[in-house]
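Reading the structure
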Amino acid sequence: MNFLQARRNPSLRIGAAIVALVLLCAVFAPLLTPRDPYLQNLDNILQPPNAAHLLGTDLYGRDVLSRLIYGTRSSLAVAMLASTIAVLSGLLIGLIAGFSGGIVDRILMRIVDVLLGFPRLFILLLALGFGYPSIWFIVIVLALFSWMEIARIVRGQVRVVREMLYVKAAQALGLSNAKIVRKYILPNVIGPVIVAAAMLIASMLIVESSLSFLGLGIQPPEASWGTILNQGRQYPVAAWWLSTFAGIMIVVTVLGFHLLGDGLRNYLDPKTRGQQAEK
Amino acid sequence: MKAKLVEIRDLTIRYRPKDGPGFRKRSVFEAVRAVSFEIFKGETLALVGESGSGKTSVAMALLGFTEPAQGSIFYDAMDIRSLAGSQMQKYRRSVQPVFQDSANTLNPRMTVGAMMEDSLWPLHDRVSRRKRIAELFDAVGLDDRIYRRYSHQLSGGQKQRVALARALAPRPELLVLDEPFSAQDASIQINLIQLLRNIKTTFGCSYLLISHDLHLVKFLADRIAIMKSGEIVETGNCIDIFLRPVHPYTQLLLKRKATEFPEST
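Thresholds applied
- Residues numbered from 1 in each chain as written.
- Chains lettered and ligands numbered in written order.
- Predicted model: local features only at pLDDT ≥ 70, side-chain atom pairs only at ≥ 80, totals over all residues.
- Helix = DSSP H or I, 4+ residues; strand = E, 2+ residues; numbered from the N terminus.
- Rg over C-alpha atoms; globule rule 2.2 N^0.38 Å.
- Buried ≥ 20, exposed ≤ 12 C-beta atoms within 10 Å, placed from the backbone.
- Contact = placed C-beta atoms within 7 Å.
- Nonpolar A, V, L, I, M, F, W, Y, C, P; charged D, E, K, R; others polar.
- Pairing = 2+ DSSP bridges.
- Axes fitted to C-alpha atoms, helices over the stretch in contact; angles between N-to-C directions.
- Parallel < 35°, antiparallel > 145°, perpendicular 65-115°, else oblique.
- Left-handed = near helix turned anticlockwise from the far one by under 90°.
- Expected span 1.5 Å × (residues − 1).
- Bend = angle between axes of the 7 residues up to and from the residue.
- Core = buried A, V, L, I, M, F, W, Y, C linked by C-beta atoms within 7 Å.
- pLDDT = per-residue confidence, 0-100.

Concerning the overall build of chain B
Each helix and strand in chain B was counted, giving nine helices and ten strands. The C-alpha atoms of chain B give a radius of gyration of 19 Å, which matches the 18 Å a tight globule of 265 residues would have. Counting every position in chain B, which comprises 265 residues, the buried fraction comes to 40%. In chain B, once contacts between residues fewer than 6 apart in sequence are set aside, the share between residues at least 24 apart is 70%.

Here you go:
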């Protein structure tokens, strides 16, 4: 990535900075946490922010800052893993449907239509009600009901790009279908997919937090932003710091992924990139 | 007498709207009706007619992008519908298109160099590919410096030359030139005509030149076929068409051109 071009793109700069910061928190959580996030101290419960506990303590006297930092790991892991699986599946199915056309396209798109007809949160709650909500189970269930939008976007884009003259020229040159898809179609449909993927991570973060908030996501004593929010629900005023800081983390991270997606879309479009370089 | 390279017999192309209510009877549009012509080795045949007369549909069928409803296309005496696998690949590389829309004909995500390298994929040696690209750039009058540029960094004329260089890369026997001049200004049109003449001499390929502009066609064509509403109404050599047009539609086209380009008649 050309640093000078990235500098001229404020969405990309701010989004990347927020996401990088959150990712660093997740990776280096053991080094960054001032205290053990699982260590209970019943003499020290629901302490407001102070010098010893910068973001206060929770119902069991655990340090909220440490739990928020550790919560980054589980919340982000679930959102990013589920999004990656959903994006790759959607990309593959969208490419096959869009490039093949005909009966293959019709069958795949009817499957997408049927799955889109199900209310996602309801299905998630139902599925999680049946199984033990481990991180992998949540990831698989989230991914299973989230690839359809990506598949639709990709399929629509592929159908447009497939008719472009440069694709016809590549076909006339005798290039294989695999090469045409990889070099001529995929790079020209990937922009909207990257934006959709960034938005999907943001939406997965919210879904994961909602599930944990409802007690169906990551289970205590494991830290996640949703479980911290859940604790704050019981004392919205008396222990305002619980909901507030977890809420801020969710909002800022979601915003970061939105900005990153938007910035990447501009950066990855050679036409926009050219205009930015001229400024 | 020259050998036939392409022979098109009774070609009919119909289009059916792809999307629509499943049970409703959909109307079929006949874009090309029983068109027959041949292209001889080394000649330039111009297909001339107004927009919507079916010229591009014929070209797309010849390139294998449109399935004919009826009729046959023979290339070197082989029916192209009987070709498959490596034979089809060989046929595709022998007949190369240069499209009208130069902005849309180059992949916006690839550099000129990468596109040219792709067009020479049967050459496995990178050095040989680079050498051939330099020869092709030289043949179409392009500077080596555009190798790393993207299509949006090129002028209209440069894009058209890159498209031409890419089409020439597989050493085709036939170039299908679909309105190659229409998006260019007059000075670029003159340069392109000269360039296409030189290329024909150097590479010895045949041209199927599709145009609505009789004025430009006469500088390149050996024979002209006039198309109207999906049918060929008149075919003849360039001089006969210009001096002794038979069909009223050809006379009308010439009259119109004579008014627009009085110096050319």
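Picking up after the structure, the text goes on.
Focus on the interface of chain A and chain B
In this assembly, 17 residues from chain A lie in contact with 24 residues from chain B. For the side of chain A that touches chain B, the element with the most residues is helix α9 (residues 165-172) of chain A, which contributes six residues. Its residues assigned to classes, the side of chain A that touches chain B shows eleven nonpolar, three polar and three charged.

Side note on the pairing of strand β6 (residues 95-98) of chain B
Residues and elements named next belong to chain B. Going residue by residue along β6, you find V95 and P97 tucked away on one face and Q96 and V98 tucked away on the opposite face as well. Where β6 meets strand β7 (residues 174-178), four bridges bridge the pair, whose relative direction is parallel. Paired with V95 across the bridge in β7 is L174.

Structural notes on the sheet that holds strand β2 (residues 29-40) of chain B
Residue and element names in this part refer to chain B. Strand order across the open sheet formed by four strands is β2-β1-β4-β5, with antiparallel pairing between neighbours. Looking at the sheet topology across the chains shown, the edges are occupied by β2 and β5 (78-79). Note: strand β1 (residues 4-15) against β2, eight bridges, orientation antiparallel. In the strand pairing of β2, I8 is matched with F37.

Notes on the packing of helix α4 (residues 64-100) of chain A against helix α5 (residues 102-117) of chain A
Residue and element names in this part refer to chain A. Interaxial distance between α4 and α5 falls to 7 Å at its minimum, and their mutual angle equals 140 degrees. Taken together, the axes of α4 and α5 are oblique relative to one another. In the crossing of α4 with α5, the sense of the turn from one axis to the other is left-handed. Facing I93, I96, A97, G98 and S100 of α4, the residues of α5 in contact are G102, V104, D105, L108 and M109. Residues belonging to the contact of α4 with α5 are distributed by class as follows: six nonpolar, three polar and one charged.

Let's talk about the pairing of strand β10 (residues 231-237) of chain B
All names here are of chain B. In this sheet, β10 lies alongside strand β9 (residues 223-228) in antiparallel orientation, the contact comprising six bridges. Across the sheet, residue A225 finds its bridge partner in β10, namely T235. Taking the residues between adjacent antiparallel strands as the criterion, β9 and β10 are bridged by two residues, where S229 takes a positive phi near 45 degrees.

Considering helix α10 (residues 177-213) of chain A
Residue pairs spaced three or four apart in an α-helix point in one direction, given the helix's 3.6 residues per turn. All names here are of chain A. In a regular helix each residue adds 1.5 Å, so 37 residues correspond to 54 Å; α10 covers only 47 Å between its end C-alpha atoms and thus falls short of that length. The largest bend in α10 is about 50 degrees, located at L186, with the proline P187 one to four residues further on. In the segment just after α10, G215 is the residue with positive phi, at about 85 degrees.

What to know about the sheet that holds β9(B)
Residue and element names in this part refer to chain B. The strand order across the open sheet formed by six strands is β6-β7-β8-β3-β9-β10, and the pairing between neighbours is mixed. The two strands at the open ends of the sheet, each matched to only one other strand, are β6 and β10. Each adjacent strand pair in this sheet contributes to an overall mean axis angle of 15 degrees, direction not counted. Packed onto the sheet, helix α1 (residues 55-62) meets β3 (44-48), β6, β7, β8 (206-211) and β9 and runs at close to 150 degrees relative to β8.

Some words on the nonpolar core
Core analysis: the largest hydrophobic core is formed by 142 residues, its most contacted members being B:A165 and B:L208. Element by element, the count of residues in this core is highest for α10(A), at 17 residues.

Considering the confidence of the model for chain A
Taken over all residues, the pLDDT of chain A has a mean of 87, while the share at 70 or more is 94%. Considering each helix and strand of chain A separately, the mean pLDDT is smallest for helix α13 (residues 270-278) of chain A, with a value of 54, and largest for helix α8 (residues 147-162) of chain A, with 94.

Describing the environment of B:G230
Residues and elements named next belong to chain B. The residue G230 is located in the loop between β9 and β10 in this model. When the C-alpha positions of G230 and E30 are compared, they lie 7.6 Å apart, and in sequence the two are 200 residues distant. Apart from residues no more than four positions distant in its own chain, G230 is found in contact with E30, A31, V32, R33, S53 and G54.

A look at the environment of A:F145
Residues and elements named next belong to chain A. By secondary structure assignment, the location of F145 is in the loop between α7 (135-144) and α8. Look at F145 and you get partly exposed, because 19 C-beta atoms sit within 10 Å. Each C-alpha atom of the pair F145 and L124 lies 8.1 Å from the other, and the pair is 21 residues apart in sequence. Leave out the neighbours within four places in its chain, and F145 touches L115, R120, I123 and L124.

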